[in-house]
Amino acid sequence: MKNNVARDTAAAPAISMIGTRAMLFEAPGDFTMAHQRRVWALMDAAGARPDVQELIPGVTNLMLIFSAPPDSPQAVADWLCHAWNTLPERHIEGRLFEIGVRYGGALGEDLAAVCAHSGLSAREVIFIHHGSEYTVCAIGSAPGFGYLHGLDPRIATPRKTVPSLNMQAGTVIIGGMQAGISALTGPNGWNSIGFTDLRVFDPHKQPPALFAVGDRIRFYPESIEL
């Protein structure tokens, strides 16, 4: 059960307790890199608190897991709000990955839906998709899955109302204003536009996730099948 502990202010963050040992901080505003860099700064500051056991950064949000239930959740919420309002952005210089994509075909079957939504041709969608540089903002939803910022708004496409039941790991996908590469095979509501052989999650490796927060990604076409 969530208990709201942040004070009600129009542009204030939303802060909620989840159970007795977890607190979710949700930043106000849109999904921008400026907001995400402030979340990263908040993550660093919260990591220095002795009562915090684990931190899980998300897309413009941050989950704090405490070593014990906080005596005053409101005091922690006030600290988070003050830190959010005063900390400078944190810039992370991650690694650059250049990733080849086989666009279209059976493993990019939703390319037509992206075209229909955007009003662009398949080649235009592909050109726009690989013309941007993306930043890994958070790892989550599935092990190793990186939420990517940098998608051109012209090809932003809502997630599907009926998910694919067996989308393959390595599928290059679009969901709303975010892009990604599916990390595991299974149900997925994002739009598939291509496929890469790159394995972004391997439980036998250390670390098992290929990407980390702050990494940058550039796609390039290995082939196009329309």
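Preceding this paragraph is the structure being described.
Since the model is a prediction, treat every value here as computed from it, not as a measurement. (Residues numbered from 1 in each chain as written. Predicted model: local features only at pLDDT ≥ 70, side-chain atom pairs only at ≥ 80, totals over all residues. Heavy atoms only, no water.)

Here we take up the overall build of the chain. Looking only at helices and strands, one finds 4 helices and 14 strands in the chain. For the chain, the C-alpha atoms occupy an extent of roughly 60 × 40 × 35 Å along the three principal directions. Out of the 226 residues in the chain, the part that is buried amounts to 47%. In the chain, the proportion of contacts linking residues at least 24 apart, taken out of those at least 6 apart, comes to 61%. Only carbon and sulfur atoms are counted for the fraction: they give 54% of the accessible area of the chain, which is about 11,200 Å². Across the chain, the 17 positively charged side chains and the 21 negatively charged ones have centroids separated by 1 Å. (Helix = DSSP H or I, 4+ residues; strand = E, 2+ residues; numbered from the N terminus. Buried < 20%, exposed > 50% of the residue type's maximum accessible area, 1.4 Å probe, protein only. Contact = heavy atoms within 4.5 Å. Areas by Shrake-Rupley, 256 points an atom, 1.4 Å probe, with all protein chains shown as cover. Lys, Arg positive; Asp, Glu negative; His and termini not counted. Charge placed at Lys NZ, Arg CZ, Asp CG, Glu CD.)

On to the packing of helix α1 (residues 33–47) against helix α2 (residues 73–86), then. Two elements in contact, α1 and α2, have axes separated by 9 Å at closest approach and are oriented at 130°. Here α1 lies oblique to α2, going by the angle between them. Taken as a pair, α1 and α2 cross one another with a handedness that is right-handed. Across the interface between the two elements, H35, R38, V39, L42, A45 and A46 from α1 touch W79, L80, A83, W84 and N85 from α2. (Axes fitted to C-alpha atoms, helices over the stretch in contact; angles between N-to-C directions. Parallel < 35°, antiparallel > 145°, perpendicular 65-115°, else oblique. Left-handed = near helix turned anticlockwise from the far one by under 90°.)

Here we come to the packing of aromatic side chains. Between two aromatic rings, the relevant description is the distance of the centres plus the angle of the planes. Following the criterion strictly, the structure yields 6 aromatic pairs and no others. A centroid spacing of 5.4 Å and a plane angle of 55° characterise the contact between F25 and W84, whose relative ring orientation is tilted. Taken as a pair, F25 in strand β3 (residues 22–26) and W84 in helix α2 lie far apart in primary sequence, 59 residues in all. Comparing F25 with W84, the two get one shared label, buried. (Phe/Tyr/Trp six-rings, centres within 6.5 Å; stacked < 30°, edge-to-face > 60°.)

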